Amino acid sequence: GMVHGSRGERREAEMQRGHIITQRRLQLGPWPVQAVACIASGLLMLGGARLAGVLAYDRGAVLSGAVWRLWTGNWVHLNLVHYALNAASLAAFSALCPERLCLRDWILRWSVLPAAVGLGLLLFAPAVQQYAGLSGAIYGLLFLGLGRQAAQGSRFAWACLAFLTLRIATEF
């Protein structure tokens, strides 16, 4: 019969296929990731007003050295209604932006966006003395997800981005 390659060539081909498989990353859609964020934020509500007071963004406290509040302020809520609105917003994000990302990218987004919100408030919104909630991070998620869709030509995504920009501009 015909020989289809030496044992070394077959082994090299198998190693290359194996290498390709190990390079694949687990891709997650937004629903499970946002559920974890929602649960984590909800668990912080169990700490009550005292814990929220220690974690919420407070400009004076941040300027006095409580820099963790730049990030943690995003994770606490004023009350159950505030939390429910943010949970609904995470569901809306998941429906509008179904893109699957690797876990590393989701972790990066959920690490950087809350810090960027806090830092943005500190540097560009000095009138905002206190802040709590996931709204700013959710806006960031929406801009990233809808931005990719808009770049691919989605008019709906462009309309959503225009609405979000207007919404944020009118908050200050």
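One can find the structure itself at the top, above this paragraph.
Since the structure is predicted, the reported quantities are computational estimates derived from the model, not experimental observations.

## Some details on the overall build of the chain
Part 1 of the reasoning: Scanning the chain from terminus to terminus reveals nine helices and four strands.
Part 2 of the reasoning: Its helices and strands in sequence order give the chain the pattern α-β-α-α-β-α-α-α-β-α-β-α-α, from N to C terminus.
Part 3 of the reasoning: A burial count over the chain gives 37% of its 172 residues as buried.
Part 4 of the reasoning: Look at the contacts in the chain between residues 6 or more apart in sequence, and 75% of them connect residues 24 or more apart.
Part 5 of the reasoning: With an accessible surface of roughly 10,900 Å², the chain has 67% of that area assigned to carbon and sulfur atoms.

## Remarks on the pattern of salt bridges
Part 1 of the reasoning: Scanning the model with the defined rule gives three salt bridges in all.
Part 2 of the reasoning: The residue Arg148 makes a salt bridge to Glu99 at a minimum N-O spacing of 2.2 Å. Residue Arg148 is found in helix α8 (residues 135-151), and its partner Glu99 is found in the loop between α6 (80-96) and β3 (101-102); the two are separated by 49 residues along the sequence.
Part 3 of the reasoning: Classification of Arg148 as partly exposed rests on a relative accessible area of 45%.
Part 4 of the reasoning: Across the pair Asp105 and Arg104 runs a salt bridge whose closest N-O atoms are separated by 3.0 Å.
Part 5 of the reasoning: On the accessibility criterion, Asp105 (23% relative accessible area) is partly exposed.

## Quick word on the nonpolar core
Part 1 of the reasoning: In terms of nonpolar packing, the biggest core is built from 25 residues, with Leu90, Trp106, Trp110, Leu141, Leu142 and Leu146 touching the most fellow members.
Part 2 of the reasoning: At the level of secondary structure, the elements contributing two or more residues to this core comprise α2 (30-45), α6, α7 (103-124), α8 and α9 (155-171).
Part 3 of the reasoning: Among the elements that line this core, the one with the most residues is α8, at seven residues.
Part 4 of the reasoning: Excluding its chain neighbours within four sequence positions, the residues that come into contact with Leu142 are Phe93, Leu96, Cys97, Gly147, Leu161 and Leu164.

## Focus: a nonpolar patch on the surface
Part 1 of the reasoning: Nonpolar side chains collect at one region of the surface, where Ile39, Leu43 and Leu46 lie side by side and expose about 350 Å² of accessible area between them.
Part 2 of the reasoning: If you trace the backbone, Ile39 turns up in helix α2.

## Concerning the side chain of Gln34
Part 1 of the reasoning: In this fold, Gln34 is placed in helix α2.
Part 2 of the reasoning: With a relative accessible area of 3%, Gln34 lands in the buried category.

Reading the values: rules and limits
Residues numbered from 1 in each chain as written. Predicted model: local features only at pLDDT ≥ 70, side-chain atom pairs only at ≥ 80, totals over all residues. Heavy atoms only, no water. Helix = DSSP H or I, 4+ residues; strand = E, 2+ residues; numbered from the N terminus. Buried < 20%, exposed > 50% of the residue type's maximum accessible area, 1.4 Å probe, protein only. Contact = heavy atoms within 4.5 Å. Areas by Shrake-Rupley, 256 points an atom, 1.4 Å probe, with all protein chains shown as cover. Salt bridge = Lys/Arg side-chain N within 4 Å of Asp/Glu carboxyl O. Core = buried A, V, L, I, M, F, W, Y, C linked by side-chain atoms within 4.5 Å. Patch = residues over 30% accessible without salt bridge, like charges linked within 9 Å, V, L, I, M, F, W, Y side chains within 5 Å.

Purely spatial values, then, with no claim about function.
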